[in-house]
Amino acid sequence: MARRDFPFRRTQRGSALLILALLLVGIIAGSLLMQSAGASRPLSRDDISQIALRQAKEALIGFAATYRDTHPDQVFGYLPCPDSDNDGIADSCGTTDTPLLGRLPWKTLGIAPLRDGNGECLWYAVSGSSKDAPKTSSMNWDTSGQFIVRDVDQTLLAGASDDARAVAVILAPDAAMPGQARTPVSAPPASACGGNNSAGDYLEGATFPATPLPPGSGAAPVTITVARAARRSHESNNDRGLALGNAELFTRIKARADFRQDIASMLNELAACLNKLPPAALPAASPDNKGMDAVLALCPGSSPLKAALLANWRDNLLYARPAQATSVNGIAGCRGVLFFGGERRRGQLRETLAQRRDASNYLDDEHLAQWQAGGPFVAASDYDPAAPANDLVRCVTGLPVAATQFSFASDLERFASSGETAGTRLDGATASVSLVGAASGRGSCLWLATPIPLAGKTLRGYYDFRFRFADTSALATTPDNNDGRGNGFALQLLPADSGLPGCGQSAHMGALRPSDGWLSSLLIETDVRPQRADDDPMENHTAIMINGLTEHAKFGTLSLVCNGSSSGCRHRPANIFEESPTPLTHRQRLEIHTGCDATCGNCQPARHSPPNDYARISVWVDCTACADTSVDLPRTPTPPTLSRCQRLDSRLNTVIAGFTTGFLVGQNTAQGVTLANFILRSE
């Protein structure tokens, strides 16, 4: 395998800036602590070694916690291979699941060479279950390390149980012991660390054969022996060591916003895939693998990243097909149930194959009882980093007769772009769409030109969105700040009888208006630029608009309360969607119930006809546990952000749906938006 130089760097995304800040704080704080403790005396050789070991540990945690930032479509948690030729770069890692020993790959970690109190560079042992090439079969928070660490008195320092074994051990070799020759390698190029590549010339109790240790095989772990804490000069081992556990890696990883999104998107995509099947065609639960075999065969993942998530987290997934329809969190009609087993609780074992196939090792007692009884089910819906052991649940209803469902994951080829298409990118690998501003004044649009029934139906939709760049113009005191990137995007529903639409003007976010020949439409706008012509407030805002018109004075009010009492919401902080330094991913959900009376207090889609031809349009912004479009969101505990009661124009009895965008031209033409996890369901 070719050598790989992946500097420890990161892109400006999610919470990784926080992770990097914490890493640096940890390194600096550790150094200052040692210096402060030794203010009355010089740092000892042991002090210097301990500081170097802690700095190396922080760099390795940072590498694992930002792994996907430099390795797209991979999961977090992997550690680099050791440096085998003393150039600071991670080298070939041998065979799968084989632990390896070498020098710490400081260049790959993006740090300077770290030296112990004797001036020697650090060494590093990595578990075959955690190294990044070749990868083990399953990398997640249950991945076990392969090392036990003891001192020369056989005192156990790390690895008291299977789940506590170290995934890596960093080693400070100190001075050469009798019989060790650290003669520099003569072949160029010269190494910054000096010396040679023979571990036996540096370490006394850390050499081991390169033997595969497959997870759950029962193979004995590798024991690494280091010096005792209060060592004596006559001892035969002067190595200092610091163990790194998988739990320490995932403490950092679990804090990332995109880790939470990973869990949600994996569950949501599985549920959406199953909900596209007729109820009678939903798969039976398999006898093995906690019911998941047929589900994973039917729903293998719509993108490389989602396939990687399923491959590495499949053991945490459970599926049941109750004999009778049941309820999930009070929602009836669930013909199947998906569970995600939370972080391991006390007494749960997930090491061997038999243990990983046992539902009791993944569900707590309450949910295991629900599982065995076939429901009803009550559990959390969204991953909470403050409670990672919580089990998560999804309802699977299947797709009823006469219902339709479309998504980026399953139907991206059905979507067609119009307007300025140069900056439009449909990414099948991530099941997402990016729309970028253009200089012509025309917007960029993307349409699903397949008719979708609306009258007599309930329409539910969900999507994630993330703006490309931060913008502070909404923090200004007056509208029409031309330094802003503007303008925003919208989800627009148009009559289905006119073929593939074009795209409107950028100034109107690409929305098609009566002046464009479209007299009737529904529009959910996400507006990030205040314009006097549209009666815009200063804040980023979301609004339900009619007929493609974006002038707020014509259609309802915008409120700061944002509790569903108004058709528009003025968000706080004012630039919430284009926040600094890097915009985050936001979530939006839509529900349209037809067959409503004139107040929309009573909606029965089946009776949609005058006078009950109103539609209740509800939108949730930055909602949680809201991606399941097979059921309504409960409005009492989770009121919508905005809502509108609107008589439905008969031309909108059947619609087509699309995203429209428009951004400013000039110095800031690069603004754009990425849309992902879009799903639209009519039933």
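About the thresholds
- Residues numbered from 1 in each chain as written.
- Predicted model: local features only at pLDDT ≥ 70, side-chain atom pairs only at ≥ 80, totals over all residues.
- Heavy atoms only, no water.
- Helix = DSSP H or I, 4+ residues; strand = E, 2+ residues; numbered from the N terminus.
- Rg over C-alpha atoms; globule rule 2.2 N^0.38 Å.
- Buried < 20%, exposed > 50% of the residue type's maximum accessible area, 1.4 Å probe, protein only.
- Domains from an automatic or database assignment.
- Contact = heavy atoms within 4.5 Å.
- Buried area = accessible area lost by both parts, 1.4 Å probe.
- Salt bridge = Lys/Arg side-chain N within 4 Å of Asp/Glu carboxyl O.
- Disulfide = S-S within 2.5 Å.
- Core = buried A, V, L, I, M, F, W, Y, C linked by side-chain atoms within 4.5 Å.
- Pairing = 2+ DSSP bridges.
- Axes fitted to C-alpha atoms, helices over the stretch in contact; angles between N-to-C directions.
- Parallel < 35°, antiparallel > 145°, perpendicular 65-115°, else oblique.
- Left-handed = near helix turned anticlockwise from the far one by under 90°.
- Nonpolar A, V, L, I, M, F, W, Y, C, P; charged D, E, K, R; others polar.
- Arc of directions from axis to C-beta.
- Expected span 1.5 Å × (residues − 1).

Peer 1: Break down the overall build of the protein chain for me, citing the residues and quoting the values.
Peer 2: A count of helices and strands for the protein chain gives 11 helices and 27 strands. Relative to the globule expectation of 26 Å for 683 residues, the C-alpha radius of gyration of the protein chain, 29 Å, shows essentially globular dimensions. Seen through its principal axes, the protein chain has C-alpha atoms that stretch 95 × 60 × 45 Å. A buried classification covers 56% of the 683 residues belonging to the protein chain.

Peer 1: Describe the domain arrangement of the protein chain, and please don't skip the residues or the numbers.
Peer 2: Domain annotation for the protein chain reports domain 1 (45–178 + 190–253), domain 2 (256–396) and domain 3 (404–469 + 484–682). Relative to domain 3, the C-alpha centre of domain 2 lies at a distance of 31 Å. Opposite the 16 residues of domain 2 that make contact, domain 3 presents 19 residues. Note on domain 2 versus domain 3: buried area summed over both sides is about 1400 Å², and carbon and sulfur give 52% of it. Between the two partners, domain 2 and domain 3, sit one salt bridge.

Peer 1: Describe in detail the state of the cysteines, supporting the description with residues and values.
Peer 2: A complete count under the given rule lists nine disulfides for this structure. Note on cysteine connectivity: Cys-273 is disulfide-linked to Cys-299, with sulfurs 2.0 Å apart. Measuring handedness by torsion sign, the sulfur bridge of Cys-273 and Cys-299 sits at about -85° and is left-handed. Taken together, the residues Cys-273 in helix α6 (residues 257–274) and Cys-299 in the loop between α7 (293–298) and α8 (304–313) connect sequence positions 26 residues apart. A relative accessible area of 4% places Cys-299 in the buried class.

Peer 1: Explain the nonpolar core to me, using residue names and the numbers behind them.
Peer 2: For soluble globular proteins, nonpolar side chains are generally found buried alongside one another. Counting residues in hydrophobic clusters, the biggest one holds 54 residues, and the most contacted among them are Leu-79, Leu-122, Leu-249 and Phe-340. The dominant element in this core, judged by the number of residues it contributes, is helix α2 (residues 45–65), at nine residues. Two domains share this core, each providing at least three of its residues, namely domain 1 (45–178 + 190–253) and domain 2 (256–396). Residues within four places of Leu-122 in sequence aside, it is in contact with Ala-52, Leu-53, Ala-56, Arg-103, Leu-104, Leu-114, Asp-116, Ile-170, Leu-171 and Ala-172.

Peer 1: Describe in detail the sheet that holds strand β22 (residues 568–570), supporting the description with residues and values.
Peer 2: Backbone hydrogen bonds are what pair the strands of a sheet, in a parallel or an antiparallel way. Pairing within the open sheet is antiparallel, and its seven strands lie in the order β14-β17-β26-β19-β20-β21-β22. In this open sheet, the two strands that pair with only one neighbour each are β14 (415–419) and β22. The mean inter-strand angle of the sheet, taken between neighbouring strand axes irrespective of direction, is 20°. Bridge count between strand β17 (residues 444–453) and strand β26 (residues 654–663): seven bridges; the pairing is antiparallel. Looking at β26, one finds that Ile-452 is bridged to Val-655.

Peer 1: Account for the packing of α2 against helix α5 (residues 246–253), with residues named and values stated.
Peer 2: Viewed as axis vectors pointing N to C, α2 and α5 meet at an angle of 60°, and their least axial separation amounts to 9 Å. If you check the angle between α2 and α5, you find them oblique. Both α2 and α5 take part in a crossing whose hand is right-handed. Residue-level inspection shows Lys-57, Glu-58, Leu-60, Ile-61, Ala-64 and Ala-65 of α2 in contact with α5, the latter providing Glu-248, Leu-249, Arg-252 and Ile-253. Residues of the contact of α2 with α5, tallied by class, amount to six nonpolar, no polar and four charged.

Peer 1: An account of the pattern of salt bridges is requested, with residue identities and associated values reported.
Peer 2: Under the defined criterion, the tally for this structure stands at 33 salt bridges. Taking the shortest distance from any N to any O, the salt bridge between Asp-142 and Arg-344 comes out at 4.0 Å. With Asp-142 in the loop between β2 (123–126) and β3 (147–151) and Arg-344 in the loop between β11 (336–340) and α9 (353–356), the pair connects residues that are 202 residues apart, well separated along the chain. Ionic contacts of the salt-bridge type, sharing partners, join the residues Arg-460, Asp-632, Arg-681 and Glu-683 into one network.

Peer 1: Account for helix α10 (residues 365–373), naming residues and giving values.
Peer 2: Of the residues making up α10, those classed as buried are His-367, Leu-368, Gln-370 and Trp-371. Along the long axis of α10, the arc covered by the buried residues comes to 160°, so they all point the same way. Counted as exposed and oriented over 90 degrees from the buried face of α10: Asp-365, Gln-372 and Ala-373. Buried residues along α10 sit against β8 (317–320) and β11. Positive phi shows up at Gly-374, right after α10, with a value of about 80°.

Peer 1: Describe in detail α2, supporting the description with residues and values.
Peer 2: Here α2 contains 21 residues, and its C-alpha end-to-end distance of 30 Å stays within 8% of the 30 Å for a straight helix at 1.5 Å per residue. Most of α2 sits inside the fold, with 16 of its 21 residues counted as buried.

Peer 1: Please provide a residue-by-residue account of unusual backbone geometry, values included.
Peer 2: In this chain, Ala-133 is followed by Pro-134 through a cis amide linkage whose omega measures -15°. Residue Ser-580 is joined to Pro-581 through a cis peptide bond whose omega torsion reads 0°. Assignment of secondary structure puts Pro-581 in the loop between β22 and β23 (586–596). A positive phi is found at Lys-290, a non-glycine position, where the angle reads about 55°. On the secondary structure map, Lys-290 appears in the loop between α6 and α7. In this structure Lys-290 comes out as buried when scored by relative accessible area, which is 7%.

Peer 1: Which residues make up the sheet that holds β8, and what values go with them?
Peer 2: Strands sit in the order β8-β11-β12 across an open sheet of three strands; the sheet is antiparallel. The sheet terminates laterally at β8 and β12 (392–396), the two strands that pair on one side only. Neighbour-to-neighbour, the strand axes of this sheet turn through a mean angle of 20°, independent of strand direction. Where β8 meets β11, four bridges bridge the pair, whose relative direction is antiparallel. In the strand pairing of β11, Leu-317 is matched with Phe-340.

Peer 1: Describe the pairing of β23, naming the residues involved and giving the relevant values.
Peer 2: Burial of β23 is extensive: 10 of the 11 residues sit out of reach of the surface. Sheet analysis places strand β18 (residues 458–467) next to β23, joined by eight bridges and oriented antiparallel. In the sheet register, Leu-459 faces β23, and the bridge partner there is Ile-592. As defined by bridge partners, β23 adjoins strand β24 (residues 614–621) across seven bridges and the pair is classed as antiparallel. Following the sheet pairing, Ile-592 is matched in β24 by Ile-617.

Peer 1: Go over the packing of α6 against α8, please, and point to the residues and values.
Peer 2: Two elements in contact, α6 and α8, have axes whose closest approach is 10 Å; the angle formed by their N-to-C orientations is 95°. Between α6 and α8, the angle falls in the class roughly perpendicular. Every residue of α8 that contacts α6 at Phe-259, Asp-262, Ser-265, Met-266, Glu-269 and Leu-270 is listed here: Lys-306, Leu-309, Leu-310 and Trp-313.

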